[in-house]
Amino acid sequence: GTDNSLLEKETLYINSYLTLLYTDSMASTSGGASSSPQSVQSSQSAASLSQPSSAAISLPSLSCSPVLPAWVDSFQIPWQKLPEELIQTLERQKRPSARLRRQMVRIIVSEMMQICKNPTKRNTTEIAERMVSRYPKSLKDVIDGDVIGLGYHSLVKQLQARIENVKRQYTPKITKRKAESDNDTDEIPAEQKASVQDTYGCVNWEPKFLPLSETVESQLKRKEDMKKMFKDKNYAAEDVKELIKSTYYTQRKDINKGTSILKLCQEWPFLFHKTGMAEHFQQLTGINLMEAFFTNLDKKGERILNFLKTVFAQKENQVLESLLKLANEKGRSSGCTEMILLLLAFFGEKEKHMFHYVEKTSLAEEVEMEDVPATPCLIVCGSSCFTADCFMLSIDQKIVNDDITAFSCAICLMFGSYYCFNIHYPVGLRSTLEFLQRCFFSINPERGTKVEHSKRRKIFAVNPRVLTLIADLADHEWT
């Protein structure tokens, strides 16, 4: 009993002493001088005194201490320490070069880690947000004025990477680091992941009520009318749009309860064709499928293609090989075809996950489906996307549309299928599809993912490889 009493008194005395040290260090900080590493380290060790153990008292903490709960709030971004060249660039609202951006990240992280040895992702996110807020024209993640995600994910990624590199220098190589269970890593409970991926990017995933003018019987009649119109090939596009819009409630009920693709194709055939899918996609996401793609293609396509063909092709053999192959295959090529194939090469993702090539004269019933992916895939009638006159759309190894005459339209239908039918992006296409999603289809969620679930993969608000390309494109724009 006596020993415990003495230990408690000793602990109380040390806590009081460390609190005094911390108060002094904060006072000196407010006076303009930065806290000394020694006093900060002393205050950090107070966190380890919650357990009355002499061993705990002697060991310094490597993580941010509860004694310093608001260090980020009082953290002063050291703009005055940045190189003059960088400050000039920022003040003139220009994009800094990759070299200057790396210098900036090193200086900021150095200052951060003098105060906190192990900044969390939440800490770096707050600081990155403040940096971008001060110099949005120079630091925000944008392509042609379109903000990607929250606009500061690439800076968070760079800050985090630098912190990990600095920490790694002081981590014993024979000690396995424990996996961090940080609350700010966008981790989602497993049981929620499926619905989060299904609803990702949607604004009207499952409408709660029928339109006031509709009944269950009227919905069934409209559905039967559409089936007859499709079978007889006797319809106007505007009529189809109106019918799809008025029966959207029932379509979502059928899709969300897990109706098979084959059954959906029989009951709602227009959903797999241009007019019907575009209207359903509009109701689901609030975005015009075709218009968004072609507008963004006109706006950004040429620059992206130019970057992939010049800057990046010089660095990557895979892209160079693809370019040489494309040069041989080019017939009535469009920039769209070239760009999609080069994006696949850039991200190191295989064509076979997106395209399946068959004989030019093949009919739908002649295609051997066992080698076709279950995820949405384009069947190319011919040896090349450049020379093909016809494409087919396959979902769940079922051909659902056998008469698509334009490559760009085929890409839109393939992409739209992931959203309309609750299909997750396959891991093998995750980067290409997210880049298309954010830059060409204007679906820009701040959180979540559309990629199929994998226990071994961490969830990112924006795919890091997509961020890298966006950052490289931004640098390319200013050079």
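Keep in mind the model is a prediction, meaning the values are calculated, not measured.

Asks: Explain the overall build of the chain to me, please; I cannot follow it from the model alone.
Replies: What the chain contains, in helices and strands, is 21 helices and 6 strands. Residue burial in the chain is summarised as follows: out of 479 residues, 47% are buried. Look at the contacts in the chain between residues 6 or more apart in sequence, and 68% of them connect residues 24 or more apart. Here the chain displays about 25,000 Å² of accessible surface, and carbon together with sulfur accounts for 51% of that area.

Asks: Explain helix 13 (residues 248-256) here, please?
Replies: Helical geometry: 3.6 residues make up each α-helical turn, so side chains three or four residues apart lie on a common side. Burial analysis of helix 13 places 8 of its 9 residues in the buried class, which makes it a mostly covered element. Within helix 13, burial applies to Tyr 248, Tyr 249, Thr 250, Gln 251, Arg 252, Asp 254, Ile 255 and Asn 256. Here the buried face of helix 13 lies against helix 11 (216-232), helix 12 (237-246), helix 14 (261-267), helix 15 (274-285) and helix 19 (407-420). Positive phi appears at Gly 258, one or two residues downstream of helix 13, with a value of about 90°.

Asks: Honestly, the confidence of the model for the chain in this entry has me stumped. Any pointers?
Replies: One rule of thumb: low pLDDT means the predicted coordinates there are not for detailed reading. Summarising the model, the chain shows a mean pLDDT of 79, and 73% of its residues fall at 70 or more. Scored below 50 in pLDDT, residues 17-63 shows 46 contacts in the model against residues more than four places distant or in partner chains. Every residue in residues 171-194 is under pLDDT 50, and counting partners more than four places away or in other chains gives 26 contacts.

Asks: Can you help me understand a negative patch on the surface in this one?
Replies: A cluster of like negative charges, contributed by Glu 365, Glu 366, Asp 402 and Asp 403, occupies part of the molecular surface. Structurally, Asp 402 can be placed in strand 6 (residues 398-404). Here Asp 402 falls in the partly exposed class, since its relative accessible area comes to 42%.

Asks: In this structure, what is going on with the environment of Lys 299? I would like to understand it.
Replies: As for its position among the elements, Lys 299 is in helix 16 (residues 289-312). A relative accessible area of 42% places Lys 299 in the partly exposed class. Sequence separation of Lys 299 and Ile 143 is 156 residues, and the distance between their C-alpha atoms is 9.6 Å. Aside from chain neighbours lying at most four places away, what touches Lys 299 is Asp 144 and Asp 146.

Asks: Can you help me understand the packing of aromatic side chains in this one?
Replies: Two aromatic rings, taken as a pair, are described by how far apart their centres are and by the angle between their planes. Per the stated rule, a full pass over the model turns up 19 aromatic pairs. An angle of 80° between the planes, with centres 5.1 Å apart, marks the rings of Trp 79 and Tyr 135 as edge-to-face. Separated by 56 residues along the polypeptide, Trp 79 in the loop between helix 4 (71-74) and helix 5 (84-91) and Tyr 135 in the loop between helix 7 (121-134) and helix 8 (136-139) bring together distant segments of the chain. The same class applies to Trp 79 as to Tyr 135, namely buried. When the ring of Tyr 235 is compared with that of Phe 270, the centres are 4.8 Å apart and the planes differ by 85°; the resulting orientation is edge-to-face. Placement of the pair is Tyr 235 in the loop between helix 11 and helix 12 and Phe 270 in the loop between helix 14 and helix 15, with a sequence separation of 35 residues. For Phe 270, a relative accessible area of 3% puts it in the buried group. Joined through ring pairs, the aromatic side chains of Phe 281, Phe 293, Phe 294, Phe 346, Phe 347, Phe 415, Tyr 418, Tyr 419, Tyr 425, Phe 435, Phe 440 and Phe 441 make up one cluster. Looking at Lys 450, its charged tip hangs above the ring of Tyr 419, at a distance of 4.6 Å from the centre.

Asks: Hey, could you run me through the side chain of Ser 417 in this one?
Replies: Tracing the backbone shows Ser 417 in helix 19. Ignoring anything within four residues of it in the chain, the contact list for Ser 417 reads Met 277, Pro 376, Leu 393, Ile 395, Asn 422 and Ile 423.

The rules behind the values
Per-chain numbering applies: the sequence of each chain, read as written, is numbered from 1 onward. Selection of residues for local features in this predicted model requires a pLDDT of at least 70, selection of side-chain atom pairs for listing and counting requires 80 or more, and totals for whole chains, interfaces and linings are taken over all residues. As a convention, hydrogens and water are excluded, and side-chain values are obtained from all of the structure's heavy atoms. Numbering of helices and strands starts at the N terminus; helices are DSSP runs of H or I of at least 4 residues and strands are runs of E of at least 2. Categorising residues by exposure relies on relative accessible area from a 1.4 Å probe, with only protein chains included: less than 20% of the type maximum marks a residue as buried, more than 50% marks it as exposed, and the intermediate range marks it as partly exposed. In this description, contact between two residues means that some pair of their heavy atoms is separated by no more than 4.5 Å. Here, Shrake-Rupley sampling with a 1.4 Å probe gives the accessible areas, and only protein chains in the shown set may cover a residue. Scored between 0 and 100, pLDDT is the confidence that the predictor attaches to each residue. Patch definition: residues with relative accessible area over 30% and no salt bridge; like charges joined within 9 Å; nonpolar side chains (Val, Leu, Ile, Met, Phe, Trp, Tyr) joined within 5 Å. Think of a salt bridge as a Lys or Arg side-chain nitrogen and an Asp or Glu carboxyl oxygen that are within 4 Å of each other. Asp and Glu are treated as the negative residues and Lys and Arg as the positive ones, with His and the ends of the chain left uncounted. One atom stands in for each charge, and that atom is NZ of Lys, CZ of Arg, CG of Asp or CD of Glu. The rule is short: rings of Phe, Tyr and Trp, with Trp giving its six-membered ring, pair when the centres are within 6.5 Å, and they are stacked under 30 degrees, edge-to-face over 60, tilted in between. Here, a charge over a ring means that NZ of Lys or CZ of Arg falls within 6 Å of the ring centre while also lying within 35 degrees of the ring normal.

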